Structure formats: C-alpha cells, structure tokens
Amino acid sequence: AELSGNGMRMLSQTLAKKGDWASLYDATNMRAALLGSGNGEGVKSKAASATYYGDMYVDFDCAMKLVQRGGPLEGVKVWVTNEYQHSGLRDDGAAIVCKLVSMAKGSIHVPS
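The following paragraphs examine the structure supplied in this document. Predicted model, so just to flag it, every value in this text is computed and none were measured.

The rules we used
Residues numbered from 1 in each chain as written. Predicted model: local features only at pLDDT ≥ 70, side-chain atom pairs only at ≥ 80, totals over all residues. Heavy atoms only, no water. Patch = residues over 30% accessible without salt bridge, like charges linked within 9 Å, V, L, I, M, F, W, Y side chains within 5 Å. Areas by Shrake-Rupley, 256 points an atom, 1.4 Å probe, with all protein chains shown as cover. Salt bridge = Lys/Arg side-chain N within 4 Å of Asp/Glu carboxyl O. Helix = DSSP H or I, 4+ residues; strand = E, 2+ residues; numbered from the N terminus. Buried < 20%, exposed > 50% of the residue type's maximum accessible area, 1.4 Å probe, protein only. Core = buried A, V, L, I, M, F, W, Y, C linked by side-chain atoms within 4.5 Å. Contact = heavy atoms within 4.5 Å. 1 Å grid on protein atoms, 1.4 Å probe; cavity = no way out; pocket = protein on both sides within 12 Å on 5 of 7 lines; lining within 4 Å. Points joined across faces, edges and corners; volume = space filled by probe spheres on them. Nonpolar A, V, L, I, M, F, W, Y, C, P; charged D, E, K, R; others polar. Phe/Tyr/Trp six-rings, centres within 6.5 Å; stacked < 30°, edge-to-face > 60°.

There is a patch of nonpolar side chains on the surface, built from Met8, Leu11, Leu15 and Trp21 and spanning about 390 Å² of accessible area. Take Leu11: it is sitting in helix 1 (residues 5-17). With relative accessibility at 36%, the residue Leu11 sits in the partly exposed group.

One finds Tyr52, Trp79, Tyr84, Ile96, Leu100, Met103 and Val110 forming the largest nonpolar core, which totals seven residues. Ignoring any residue separated from it by four or fewer positions in sequence, one finds Val110 in contact with Val78, Trp79, Lys99 and Met103.

All right, on to the layout of surface pockets then. What the largest pocket holds in volume is close to 210 Å³. Contributions of two or more residues to the lining of the largest pocket are made by strand 1 (48-52) and helix 3 (60-67). Partitioned by chemical class, the residues of the lining of the largest pocket number nine nonpolar, two polar and two charged.

Here a ring pair, both rings aromatic, is described through the centre-centre distance and the interplanar angle of the planes. On inspection of all chains with the given rule, the structure shows three aromatic pairs. Ring pairing ties together the aromatic residues Tyr52, Trp79 and Tyr84, which thus form one cluster.

Okay, structure coming up:
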C-alpha cells in the first residue's frame, strides 16, 4: 500500500526526529574499497558514475566533492553529462549502464 497525505507526513516527521542513526557511509571504508588500504594492496573495487550536470534532485557541486581528490569516492570514474536528467536510467538505462561498466573496466575513457 502506498503512503500518502497524513500518513506520509507522520512517517517523514518521525524519521526526521530520529537521532540514533548509525553512520550511513564510512568515508574511510569507501576510500579503502576503491583505492586499497595503502599498505601495498591494490585497488579492491572498480566503480563509475554518471553525474548529470542539470539534475534537479542531486546538487552537482555536492556530488563532485565526493569524487574529488581526497574525497571518499576519489577512485570512482565520473561521467559528467547533461545528455540525461535524473531519470537517465529509466530513459536509456542499457546505454548508460554499458558506458559505466566500460568506464569501470577501463575499456573507454571519459574525461571528467
């Protein structure tokens, strides 16, 4: 069943008041997963992302801070584009996922 109206309002207010959330993301663990632990281990994971310049739901500058040098997602290869909006995966998911997988594998290079 969908929540709407007063039920959704009550749920969102309850969640907003909750103060004992565990850390959702651990920057140290994310960096280690992408860049290795720094003790000679190589890169553990490969990742790529699409960042839509004109996305109305995700702040571009905030997203770029996460992937900048020294950021928790520094090892992620980023495709910055305005070719799609927030609904890119719904609009052309196969092409986007194919491009991101190729970027992560290193078979294509997209400057960002």
